[in-house]
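Spelled out from the first residue to the last, the chains are:
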Amino acid sequence: MSKATAAGPSPDETTLRRAALKVAVRISAVSAVLVLALLAVATAYLVHKLSQPTQLPATGAGTTYAYVDSRDILEAMIIAGVAGIALAGLAGWLSARSAIRPLGEALALQRRFVQDASHELRTPLAILDTRIQLAQRDAEGDPTALRNLARIRADTATLTGIVNELLLAATAAAPDPGAPPVELAGVAESVTESLRQLADGKGIMLGFEADGRPRARIEANALRRAVLALADNALAHTPSGGRVLIRAAEEDGSAVITVSDTGPGITGVDQDRIFDRFVHAARPAGSDGGRGFGIGLSLVREIAMAAGGTVSVAGTGPEGTVLRIELPAATE
């Protein structure tokens with residue numbers, strides 16, 4: 001027997017059971033009302049037909065009969081069916097709204113928790129980084145201590161990056177339709193220059209190309225974070241001596257940014273899942289052995305979707321991988 005079973009259901013399980021029971025009771029009640037309503041419609045139609053006496057040709061004058069035939073029954077069934085479909089759609093819509101309301105509240109609560117936790121963690125992490133720098137200053141002349149402190153500071157920076165990504169993911173919002181369009185080429189070139197020193201240190205050639213001046217309505221800092229995440233991922237998966245290319249172009253009415261590398265391709269995970277949070281893939285020989293996909297690529301997807309666009313794997317294989325951000329082009 002598991003610990004959860006021995007200790008009884010958790011509060012979350014109890015809440016879910018109560019919600020499921022509540023929804024089930026509502027659906028049962030609605031179904032019962034729906035059946036009664038259909039019977040009432042069919043009965044009312046047949047009663048209406050019976051209330052209209054018809055004189056039969058074979059009978060004597062003044063003799064009338066009230067009757068229903070198979071055609072009347074078929075008409076009643078059709079009317080009841082149409083009414084049933086309409087009522088079922090309405091009942092399903094109301095039931096679905098009632099069922100997903102707790103889910104929406106839970107998602108909002110989760111988003112607020114992530115925001116609060118991220119804000120609370122950023123300050124102590126910044127203090128920790130400052131203290132490590134002071135310790136590095138005091139440890140000058142001790143190579144071992146300096147090396148260990150450098151590793152601790154790198155780990156702190158990684159943790160700070162995760163917290164920042166969580167905060168950005170929790171605060172992602174749809175762009176302002178009236179916001180001025182952003183030139184993708186300028187943002188992509190800025191990211192290229194920011195990462196050039198890092199790429200040189202790894203022995204990777206980092207390049208930039210632009211085909212035209214594609215523009216899209218998206219917050220410039222959000223787009224920069226997205227391109228930076230794709231480029232950082234490409235550098236992390238490209239061995240020394242490889243090449244990473246960031247390209248901006250306008251294709252078929254869409255503003256597109258692609259990040260291509262000469263790594264060994266996506267392995268160890270389904271390429272459609274690399275934009276899921278905390279999905280890890282196999283590391284190529286000679287890469288920096290960083291923390292994997294983490295939530296960086298997930299953040300890229302959220303930014304692209306918030307702007308009405310998409311991010312996808314345009315191609316991957318032994319000769320490299322191409323990741324593509326596609327946004328609606330701004331015409332004004």
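Placed above this text is the structure.
A brief report on the enclosed structure follows. Note that the structure is a prediction, hence the values are computed from the model and not measured.

1. A closer look at the overall build of the chain
So, step 1. A tally of helices and strands in the chain yields seven helices and seven strands.
So, step 2. Scanning the chain from its N terminus toward the C terminus, one meets helices and strands in the order α-α-α-α-β-α-β-β-α-β-β-α-β-β.
So, step 3. Across the 332 residues that make up the chain, the buried fraction comes to 29%.
So, step 4. When the accessible surface of the chain is totalled, it reaches about 20,000 Å², and 60% of it is carbon and sulfur.

2. A short note on unusual backbone geometry
So, step 1. In this structure, D252 takes a positive phi of about 50° despite not being glycine.
So, step 2. With respect to the helices and strands, the residue D252 is situated in the loop between β4 (243–251) and β5 (254–261).
So, step 3. Here D252 falls in the exposed class, since its relative accessible area comes to 83%.

3. Quick look at the nonpolar core
So, step 1. Counting 41 residues, the largest nonpolar core has L184, I218, L223, I246, I257 and L327 as the members making the most contacts within it.
So, step 2. At the level of secondary structure, the elements contributing two or more residues to this core comprise α5 (184–201), α6 (220–236), β4, β5, α7 (296–306), β6 (310–317) and β7 (320–328).
So, step 3. It is α6 that provides the largest number of residues to this core, a total of nine residues.
So, step 4. Excluding residues within four positions of it along the chain, L223 makes contact with V182, L184, V187, I218, I257, I303 and L327.

4. Let's talk about α6
So, step 1. An ideal rise of 1.5 Å per residue puts 24 Å on 17 residues; α6 measures up with 24 Å between its terminal C-alpha atoms.
So, step 2. Every buried residue belonging to α6 is among A222, L223, A226, V227, A229, L230, A231, N233, A234, L235 and A236, and all of these are buried.

5. Section: the side chain of T192
So, step 1. Counting through the fold element by element, T192 comes out in helix α5.
So, step 2. When residues no more than four places from it in sequence are discounted, the contact partners of T192 are L206, G207, F208 and I246.

6. Regarding a positive patch on the surface
So, step 1. A cluster of basic residues, K22, R26, R97 and R101, forms a positive patch on the protein surface.
So, step 2. Mapped by element, the contributors of at least two residues to the positive patch are α2 (11–50) and α3 (70–138).
So, step 3. Residue position: R101 is located in helix α3.

Reading the values: the criteria
Throughout, residues of each chain are indexed from 1 in the direction in which the sequence is written. Under the rules for a predicted model, residues below a pLDDT of 70 receive no local features and side-chain atom pairs below 80 are neither given nor counted, while totals for whole chains, interfaces and linings still include all residues. Only hydrogens and water are set aside when side-chain values are computed; all heavy atoms of the structure are taken into account. A run of DSSP states H or I qualifies as a helix once it reaches four residues; a run of E qualifies as a strand once it reaches two. Both are numbered from the N-terminal end. Each residue is placed in one exposure class: buried if its accessible area under a 1.4 Å probe, protein chains only, is under 20% of its type's maximum, exposed if it is over 50%, and partly exposed if it falls in between. In short, Shrake-Rupley with a 1.4 Å probe defines the accessible areas, and a residue's cover is counted only from the protein chains shown. Residues enter a nonpolar core if they are buried and are Ala, Val, Leu, Ile, Met, Phe, Trp, Tyr or Cys, with the set joined through side-chain atoms within 4.5 Å. We call two residues in contact whenever any of their non-hydrogen atoms come within 4.5 Å of each other. To estimate the expected span of a helix, count its residues, drop one, and scale the result by 1.5 Å. Residues forming no salt bridge and having over 30% relative accessible area are the ones grouped into patches, like charges within 9 Å of each other and nonpolar side chains (Val, Leu, Ile, Met, Phe, Trp, Tyr) within 5 Å. A pairing counts as a salt bridge when a side-chain nitrogen of Lys or Arg comes within 4 Å of a carboxyl oxygen of Asp or Glu. When charges are counted, neither His nor the chain ends are considered; positive counts come from Lys and Arg and negative counts from Asp and Glu. Throughout, a charge is located at the NZ atom of Lys, the CZ atom of Arg, the CG atom of Asp or the CD atom of Glu.

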